[in-house]
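Descriptive structure summary
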Amino acid sequence: MSERRTVTALEDVSFSVPSGGFVSLLGPSGCGKSTLLRVVADLIAPSEGRTSVLGSTPAEARKARALGFVFQDAALLPWRTALANVELPLEVGGRRTLAPGAATPRELLALVGLAGWENSYPHELSGGMRQRVSIARALVGGPPLLLMDEPFGALDEITRDRLNAELRRIWAETGTTILFVTHSVYEAVFLAEQVLVLSANPGRVAALENIQLPRDRDLSVRDTADFVAIAARLRGHLGSVH
Amino acid sequence: MSAVADRAIAPPSREAGIKAAEDAYRAEQSRARMRRRLLPAVGIAALIGVWAALVYVLKVPTFVAPSPQLVVVTLVAKFNILMANLLPTAIEAVSGFLLGNLTAIVIATAFVHKKSLEQAFFPVVVLINSIPVVAKAPILVLLFGNGMEPKIAIAALVCFFPTLVNMVRGLESVNPQSLELMKVLSASKTEIFFKLRLLNSVPYLFSALKIAASTAVIGAIVGEWIGSTTGIGALIIQSTYNFDSAMLYATVIVGSAFSVTFFLTITLIERLVIRWQPLTST
């Protein structure tokens, strides 16, 4: 039997996410960024400290469906079609009906670019398409806060770039607040309005960077001098950790 | 002059070439398909041929082994007797199959819901399973008498274990992120069970059911050996004691034909039920 050890994943982490903002949590593996996200989603209870999600506790926010979660592996149910997967949030956790005017699952699939794929099973979709379905599922009911745990980490670079651009568009169209965990500096800078750099063992806030890039950006922004300078600065923060 | 002619002819000949290649590919495919279907039949025919030749050449007496022709004659002549004896065996096997698997599914559900139940009773199940069927059978005959009940009980017992083990695995081996998703959605335990665990276990269940389909028939036949006057098992014992080898072989053929049909039925149901493929996580 292996000896059980308790690990302090996070210590003295304090930050707030502005409403309607897009914040990337950037850090090396094991810095506790996924743990942090799970504390916000009420999947893990912190041993100390206070988390306030939209003015209430994480548990209340979860019960009120104020947050959507996108997992690293799309976590689709293989026996459900794309549409049925997006409809899942309406079938569990008590009777849920969409508020009048809220986007229907079909409309959300169209929003993530999957119109026409409603009746496909997950095994018939590519990795990128599965992740699109899972984003549509997280958007059901229009949650004010979207938590994303390295959603594009397992995808190839080309697909990842395309989904990064689409996520910016979805964020602009839905107006939801996004907290996005990643270990890619480029992804963090391109996506977010603010990047929070976490250091490892235990996780602490190493830096907070406001990204001064045009709000309307496409992938070419990554070749600009501003972008390169910001990325270099963030990499410096990551380097100073060791 | 010749170059001009070549250029004029080239495009149609290329299309024709593609068409010819496609036709050749299709012909090759259908030949391969034919071969796949034909070869097993050739194998079986060869086996029967060798059997017939051996019985003929070595002049094997009928009470030791029959010729294939004699078995066919017996199958036709004794068809009514064979079917009359297949019926009770089929009823016992199917009832045992239903009873054993249903119990296994219910107990697996209880195990998954209450870990302490599994820890307490799983060793008991393993212990009972480790007793050979031929040793369990007499005990059940003493308990349930000489009717169909002990045979159903034996068939149920042999089905029970593989289904229980597979079902527990299927209910528990849920993608951890799917489980987290359910928690984020505030799903109740019942919802998680019906919308996630139960469906996740269906492929596992069917792989167990396919094993159970053949073992249930074996269980019923073994049960009939211990004490019965009707059924495939009883007929096997009777024809052995009577040195009626042709009847013995005919009975065995009927028994295994039923077993194969049962297995194929389950396979067919599986194909109708499972339309999805389990995802391997990236």
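Residues numbered from 1 in each chain as written. Chains lettered and ligands numbered in written order. Predicted model: local features only at pLDDT ≥ 70, side-chain atom pairs only at ≥ 80, totals over all residues.

As for the pairing of strand β1 (residues 22-26) of chain A
Look at any regular strand and the pattern is simple: side chains alternate between the two faces of the sheet. Residues and elements named next belong to chain A. Let me state the cut-off plainly: Buried, partly exposed and exposed are defined by the number of other C-beta atoms within 10 Å of a residue's own C-beta, namely 20 or more, between the two limits, and 12 or fewer respectively, with C-beta atoms placed from the backbone. Numbering of helices and strands runs from the N terminus, with a helix taken as a DSSP run of H or I at least four residues long and a strand as a DSSP run of E at least two residues long. Strand pairing follows a simple DSSP-based rule, namely that at least 2 bridges must link the two strands.
Within β1, five of the five residues are buried, which leaves it mostly tucked inside the rest of the structure. Burial along β1 is two-sided: the residues Phe22, Ser24 and Leu26 and Val23 and Leu25 are all buried. Bridge count between β1 and strand β5 (residues 194-199): four bridges; the pairing is parallel. Within β5, the position partnered with Ser24 by the bridge is Val195.

Topic: the domain arrangement of chain B
Counted only if it meets this: In this document the domain limits rely on a domain assignment from an automatic tool or a database.
The domain boundaries assigned to chain B delineate domain 1 (1-59) and domain 2 (68-273). Each of domain 1 of chain B and domain 2 of chain B was reduced to a C-alpha centroid, and the two centroids are 42 Å apart.

Examining the packing of helix α3 (residues 79-113) of chain B against helix α10 (residues 245-273) of chain B
Residue and element names in this part refer to chain B. Going by this rule: Angles run from 0 to 180 degrees between N-to-C directions of axes, and those axes are lines fitted to C-alpha atoms, restricted for helices to the stretch in contact. Here the angle decides the label: under 35 degrees means roughly parallel, over 145 means roughly antiparallel, 65 to 115 means roughly perpendicular, and every other value means oblique. The handedness criterion is simple: a crossing whose near helix is rotated anticlockwise from the far helix by less than a right angle is left-handed, and one whose near helix is rotated clockwise is right-handed. Whether two residues are in contact is decided by their C-beta atoms, placed from the backbone, lying within 7 Å. Note on residue categories: nonpolar means Ala, Val, Leu, Ile, Met, Phe, Trp, Tyr, Cys or Pro, charged means Asp, Glu, Lys or Arg, and polar means any other residue, Gly included.
Running from N to C, α3 and α10 point in directions that differ by 40°, and their axes come no closer than 11 Å. Relative to α10, the element α3 lies oblique. For the crossing formed where α3 meets α10, the hand is right-handed. Residues Leu82, Leu86 and Ala90 of α3 touch α10, and the partners they reach there are Ala250, Thr251, Val254 and Phe258. Of the residues in the contact of α3 with α10, the class split is six nonpolar, one polar and no charged.

Focus on the interface of chain A and chain B
In this assembly, 20 residues from chain A lie in contact with 20 residues from chain B. Mapped by element, the contributors of at least two residues to the side of chain A that touches chain B are α2 (58-63) and α3 (82-91) of chain A. Here the residues of the side of chain A that touches chain B sort into 13 nonpolar, three polar and four charged.

Some points on the packing of α3(B) against helix α8 (residues 189-226) of chain B
Residues and elements named next belong to chain B. Two elements in contact, α3 and α8, have axes whose closest approach is 8 Å; the angle formed by their N-to-C orientations is 140°. Relative to α8, the element α3 lies oblique. Of the two elements, α3 crosses α8, and the hand of that crossing is right-handed. Residues Thr89, Glu92, Ala93, Gly96, Phe97, Gly100, Asn101 and Val112 of α3 touch α8, and the partners they reach there are Arg197, Leu209, Ala212, Ala213, Ala216, Val217, Gly219, Ala220, Ile221, Gly223 and Glu224. Counted by class, the contact of α3 with α8 contains ten nonpolar, six polar and three charged residues.

Examining unusual backbone geometry
Even without a glycine there, the phi angle at Glu150(A) is positive, about 45°. Relative to the helices and strands, Glu150(A) is located in the loop between β3 (145-149) and α6 (157-174). Exposure remark for Glu150(A): the 21 C-beta atoms within 10 Å place this residue in the buried category. With a phi angle near 50°, Phe243(B) is a residue other than glycine that sits in the positive phi range. By secondary structure assignment, the location of Phe243(B) is in the loop between α9 (232-241) and α10.

Observations concerning the environment of Asn242(B)
By the element assignment, Asn242(B) lies in the loop between α9 and α10. Spatially, the C-alpha atoms of Asn242(B) and Gly100(B) are 34 Å apart, while their sequence positions differ by 142 residues.

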